[in-house]
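What the coordinates show
Letter by letter, the chains look like this.
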Amino acid sequence: PAEGAQEQLAQLRALLADLPAQYPGCDFGPLTLSLENVPDEDWETSWMRNYRPLPVGERLLVVPQWMTVDDTQGRLPVILDLGLTFGTGEHASTQMCMRALEQLVHGGERVADLGSGSGILSICALRLGAQSAVGVDVDPAAEHIARENAARNGFGPERFSACTGNVVTDAALMARLGEGGGYDIVCANIVAGVIVQLVPVVPRLLKEGGVFLCSGILAEREDEVRQAIEAAGLHVIAAGHTDEWCCLLAQ
């Protein structure tokens, strides 16, 4: 109610008025406060009106599923239900992976995405021309979300599959993933500690000459992840850095 707001405003003004005396060496400026009425609004959905499709790299465009984009400016749309799980394209680590996939996917590849979240990296790979992708996540909700996001982009079960489990501890899951030969690209956009744990199984998933793409690594833990990659019999062939985040490519 307005009366309560006015009372709170008076209390705040009194507190601010005491500050210069308490901290005589500081310049606090005018310390003015104002009060205005803001119309009721659905704050949970109002942000959608100001959202703009997100271009990433040279060829990709992340588009929220509620938005229709008539002109993608020659980019490949990646349509996602944003906000449900990790992988909206906003995070630096995800964008580094997306840019790496632009360089790695030439057409016809088999891709495995460990810690797939929203399925964004699988969908990007398929948009860029990969033959098939499988998303794996420890969160059962992610399996359903990734499958729905793939369907939004026109990728049904013949191109995209999703499953729940831990590749490090689940031998049956590893056997399923190994069916049909190895993968040209294995992605893991997670965190350094998890990447270190799963790196030992990655060579069993990769084809000869295949590439392991990992990100979500804080720069301060890059050396730790590099050592784990080398210990697993892989060799780091490239690295990318954005702000405090690192992305590694290994073969």
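Look a little higher up for the structure.
Residues numbered from 1 in each chain as written. Predicted model: local features only at pLDDT ≥ 70, side-chain atom pairs only at ≥ 80, totals over all residues. Heavy atoms only, no water.

Tallied over the full model, the rule gives one aromatic pair. Directly above the aromatic system of Tyr183 lies the positively charged group of Arg110, at a separation of 4.5 Å from the ring centroid. (Phe/Tyr/Trp six-rings, centres within 6.5 Å; stacked < 30°, edge-to-face > 60°. Lys NZ or Arg CZ within 6 Å of the ring centre and 35° of its normal.)

With that settled, consider the environment of Gly57. Its place among the elements puts Gly57 in the loop between β1 (54-56) and β2 (60-64). Classification of Gly57 by relative accessible area gives partly exposed; the value is 24%. For the pair Gly57 and Arg99, spaced 42 residues apart in sequence, the C-alpha separation works out to 5.1 Å. Not counting the four nearest positions on each side in its chain, Gly57 is found in contact with Arg75, Arg99 and Glu102. (Helix = DSSP H or I, 4+ residues; strand = E, 2+ residues; numbered from the N terminus. Buried < 20%, exposed > 50% of the residue type's maximum accessible area, 1.4 Å probe, protein only. Contact = heavy atoms within 4.5 Å.)

With respect to topology, seven strands assemble into an open sheet ordered β6-β5-β4-β7-β8-β10-β9, the strand pairing being mixed. Strands at the two margins of the open sheet, each flanked by one partner only, are β6 (160-164) and β9 (236-242). Between one strand and the next, the sheet's axes are offset by a mean angle of 15 degrees, whatever the strand orientation. Bridge count for β9 against strand β10 (residues 245-250) is six bridges, and the pairing is antiparallel. Residue pairing in the sheet places Gly240 in a bridge with Cys247 of β10. (Pairing = 2+ DSSP bridges. Axes fitted to C-alpha atoms, helices over the stretch in contact; angles between N-to-C directions.)

Spatially, three strands are ordered β1-β2-β3 in an open sheet, and the strand pairing comes out mixed. Each edge of the open sheet is held by one strand with a lone partner, namely β1 and β3 (76-80). Between one strand and the next, the sheet's axes are offset by a mean angle of 30 degrees, whatever the strand orientation. In this sheet, β2 lies alongside β1 in antiparallel orientation, the contact comprising three bridges.

It is worth spelling out the pattern of salt bridges at this point. Two side chains with opposite charge may pair up if their charged atoms get near one another. Evaluation of the coordinates by the stated rule reveals six salt bridges. Across the salt bridge formed by Arg152 and Glu148, the nearest N and O atoms sit 4.0 Å from each other. Of this pair, Arg152 and Glu148 both sit in helix α5 (residues 140-152), four residues apart, which is roughly one turn of the helix. By relative accessible area, Arg152 is classed as partly exposed at 30%. Of the charged contacts in the structure, one is a salt bridge between Asp184 and Lys207, with a shortest N-O distance of 3.5 Å. Remark: Lys207 occurs in strand β8 (residues 206-218) and Asp184 occurs in strand β7 (residues 183-189); sequence separation between them is 23 residues. The partly exposed category is assigned to Asp184, whose relative accessible area is 21%. Taken together, the shared-partner salt bridges in this structure form one network comprising Asp81, Glu148 and Arg152. (Salt bridge = Lys/Arg side-chain N within 4 Å of Asp/Glu carboxyl O.)

Of all the positions in helix α9 (residues 222-231), only Glu222, Val225, Ala228 and Ile229 are classed as buried. Each buried residue of α9 lies within a common arc of 130 degrees when the element is viewed along its axis, so the set occupies one face. Turned more than 90 degrees off the buried face of α9, the exposed positions are Asp223, Gln227 and Ala231. Residues of α9 that are buried in the fold lie against α7 (192-198), β8, β9 and β10. Taken from the residues just after α9, Gly233 is the one with a positive phi, measuring 90 degrees. (Arc of directions from axis to C-beta.)

Without other data, these values stay purely geometric and don't point to any function.
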